[in-house]
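# Fold and contact review
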Amino acid sequence: MRSDGPATGRGAYATLALFSVRTALEAVAHNRLRAALTSLGILFGVASVIAMLAIGKGAESEILAQMQLLGSNNIMVAPIVEQREEEVGSQQAATPRKYTPGLTALDAAAIAATVPLVQATSAEVVLHTTFTREGRRRSGKLVGVDSAYFGLLNIGLASGRWFTPAQITEGRPVAILGHGVRARFFTTVDPIGQQLKVGEIWVTVVGVLADRQVAGDAAERLGIRDANMDVYVPLPTMLRRFRNRALLTRRDVEAASRPTGVVVATTGDEEEPEARAERTNYHQLDRIVVRVGDADAIPGVADLVQRLLARRHNGVVDFEVTVPQLLLQQEQRTKALFNAVLFAIASISLLVGGIGIMNIMLASILERTREIGVRRAMGATQREILAQFLAEAVLISVAGGLAGILLGAGGSAVVERVAGVATIVSAASVAVAFGVSISVGVVFGIVPAWRAAQQDPVVCLRYE
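Summarised in this report is the structure supplied together with it.

Thresholds, definitions, all that
- Residues numbered from 1 in each chain as written.
- Predicted model: local features only at pLDDT ≥ 70, side-chain atom pairs only at ≥ 80, totals over all residues.
- Heavy atoms only, no water.
- Helix = DSSP H or I, 4+ residues; strand = E, 2+ residues; numbered from the N terminus.
- Contact = heavy atoms within 4.5 Å.
- Areas by Shrake-Rupley, 256 points an atom, 1.4 Å probe, with all protein chains shown as cover.
- Core = buried A, V, L, I, M, F, W, Y, C linked by side-chain atoms within 4.5 Å.
- Buried < 20%, exposed > 50% of the residue type's maximum accessible area, 1.4 Å probe, protein only.
- Expected span 1.5 Å × (residues − 1).
- Arc of directions from axis to C-beta.
- Pairing = 2+ DSSP bridges.
- Salt bridge = Lys/Arg side-chain N within 4 Å of Asp/Glu carboxyl O.
- Patch = residues over 30% accessible without salt bridge, like charges linked within 9 Å, V, L, I, M, F, W, Y side chains within 5 Å.
- Phe/Tyr/Trp six-rings, centres within 6.5 Å; stacked < 30°, edge-to-face > 60°.

With that out of the way, let us pick up the overall build of the protein chain. Broken down by element type, the protein chain carries 17 helices and 10 strands. The long-range fraction of contacts in the protein chain, counting pairs at least 24 apart against all pairs at least 6 apart in sequence, stands at 81%. In the form shown here, the protein chain has an accessible surface area of approximately 24800 Å², with 60% of it arising from carbon and sulfur atoms.

Here it is in structure tokens:
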């Protein structure tokens, strides 16, 4: 008999659970409208939980993807217009402006040689030009880079090879194409070894980059290049064969900066802002990427880079040092705050839904007092009455939870499509939401169920 005890006990519990669930289903089916209205609070609360977790997961995935695009532990140095401060009307008496060479390749070399914990630096020069092949022309950007550039920014190679040391040192006319440029100019042939006209110079294609998707807002906010539509050449090739802004004199730049009303003869339109910015830019480089060995030392290294460049530029603030990792961390904190607000809203909805379940169950006890008395008179125990009403509360909560999961998943998809916010509905978030709905049913249903179980059967039978 000892061996049959546990099995008998488990069977009794299973029978009680099945009977309670069946009775709860009958009660809910008998009052479908009331049960549906009662579960609305749980529905919206669970939907909010699903949406919150989906948005949080999507934000985390997006930030990790952006960090992958930027490269870990990188600092970006970009040129800006010289900042000047003077009294109004003091132009004639103003002191002469200090000379600054702008951002140059020597700055990148000085950072690598002087600043501690810097593993590598890479320079970048961007030129707006045109690409031409077999009668097809397209405007685009030519980017001059050195050998470390692709590794620092985690840019992969789909075919071909990277620039060789000889090609970089000698400034040969070779190029690596972005995936989009290859798709537009070399649709039917292998581009490796083919010629592409960049501006007025023909270059030989030696490699093609892997496809790389970059969101427009992320590219603008963090300075991430869309490598798909660019053509890359060695930095010496850019400086020797295309454009070296360091060869311009200060007088040339100041003369070019004056309003000239230049008109483009080919179109008859005024000069475009990008063309004017290129013509008046005195910086040799458009960006320097600095890789730091220790992530904890990034703020300190950024400060040292700022001080070093300020000294090399004679105190002229014509550059900007940014730490993408800190920007992403700030963005992550902002999204975490948004998720916390959404979680608070979801918690309020769940609380209201739970109170609604408790209220309806207490009212249901008054309506079904004679039913409770009859069941007790026929031999039902307090535990069975407790299980019956608790199962009914849990059933209402679970029904609202399942509907909330569907609503939350659908709402997340709508948010992603309409607002452009990345959302990921994971199995873990669905499990959490389902567990929350069960917990709400148990927590807010236990008091009405216990109260029903404590009813006096004699009083219940006499209740009108």
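In this structure, Ile75 and Leu196 are the most contacted members of the largest nonpolar core, which totals 42 residues. When residues in this core are grouped by element, the largest group, six residues, is from helix α12 (residues 298–312). Apart from residues lying up to four places away in sequence, isoleucine 75 is in contact with Ile288, Val289, Val290, Val292, Ile298, Val301, Ala302, Val321, Thr322, Val323 and Pro324. Counting residues in hydrophobic clusters, the runner-up holds 26 residues, among them Ala35, Phe389, Ile396 and Ile405.

The topology assignment puts alanine 54 in helix α3 (residues 40–70). Here alanine 54 falls in the buried class, since its relative accessible area comes to 0%. Alanine 54 sits 376 residues away from valine 430 along the chain, and the two C-alpha atoms are 9.8 Å apart. In this view, alanine 54 contacts Ser412, Ala422, Thr423, Ile424 and Val425; residues no more than four positions away in its chain are not counted.

For an α-helix, the turn length of 3.6 residues means that residues three or four places apart are oriented alike. For α12, spanning 15 residues, the distance from its first C-alpha to its last is 21 Å, which sits close to the expected 21 Å at 1.5 Å a residue. Regarding α12, the residues found buried are Ile298, Val301, Ala302, Val305, Leu308 and Leu309. Buried residues of α12 fall within an arc of 125 degrees about the axis and therefore sit on the same side. Across from the buried face of α12, at angles greater than 90 degrees, the exposed residues are Arg307 and Arg311. The first or second residue beyond α12 is asparagine 314, which carries a positive phi of 60 degrees.

Let us look at the pairing of strand β2 (residues 118–133). In terms of residue burial, β2 counts as a mostly covered element, since 12 of its 16 residues are buried. Across six bridges, β2 lies against strand β9 (residues 287–292) in antiparallel orientation. When the sheet's bridge partners are listed, glutamate 124 is paired in β9 with arginine 287. Judged from the 10 bridges that link them, β2 and strand β3 (residues 136–145) form a sheet pairing that is antiparallel. From the neighbouring strand, threonine 132 faces β3, where its bridge partner is arginine 137. Hairpin remark: β2 followed by β3, antiparallel, with two residues in the connecting loop; positive phi at glutamate 134, about 50 degrees.

All told, the structure shown has six salt bridges when counted by the stated rule. One salt bridge connects glutamate 134 with arginine 133, and the closest N-O pair in it is separated by 3.4 Å. Judged by relative accessible area, which is 69%, glutamate 134 ranks as exposed. Salt-bridge contacts for aspartate 303 lead to arginine 307; the nearest nitrogen and oxygen are separated by 2.9 Å. Residue aspartate 303 and its partner arginine 307 are both found in helix α12; the two are separated by four residues, about one turn of the helix. Here aspartate 303 falls in the partly exposed class, since its relative accessible area comes to 37%.

Another aspect to go through is a nonpolar patch on the surface. On the surface, a cluster of nonpolar side chains totalling about 490 Å² of accessible area is made up of Leu33, Leu37, Leu40, Phe44 and Leu407. Listed by contribution, the elements that provide at least two residues to the nonpolar patch are α2 (32–38) and α3. On the secondary structure map, leucine 407 appears in helix α15 (residues 382–419).

A few words on helix α14 (residues 369–377). Of the residues making up α14, those classed as buried are Thr369, Ile372, Gly373 and Arg375. Seen from one end, α14 has its buried residues packed into an arc of 165 degrees, which puts them on one side. A positive phi of about 110 degrees marks glycine 379, the residue just after α14.

We now examine the packing of aromatic side chains. Counting across every chain of the model gives five aromatic pairs. Summarising the aromatic geometry, the rings of phenylalanine 150 and phenylalanine 163 are spaced 6.3 Å apart at their centres and angled 55 degrees between planes, so their arrangement reads as tilted. Of this pair, phenylalanine 150 sits in helix α5 (residues 149–152) while phenylalanine 163 sits in the loop between β4 (157–160) and α6 (165–170); the two residues are 13 residues apart in sequence, bridging distant segments of the chain. Residues phenylalanine 150 and phenylalanine 163 agree in their burial class; the two are buried.

Glancing now at the pairing of strand β1 (residues 74–79). Summarising the sheet, β1 and β9 pair through four bridges and their orientation is antiparallel. Each bridged residue has a counterpart across the sheet, and for isoleucine 75 the counterpart in β9 is valine 290. Pairing between β1 and strand β10 (residues 319–322): four bridges, direction antiparallel. Residue pairing for β10: methionine 76 is matched across the bridge by threonine 322.

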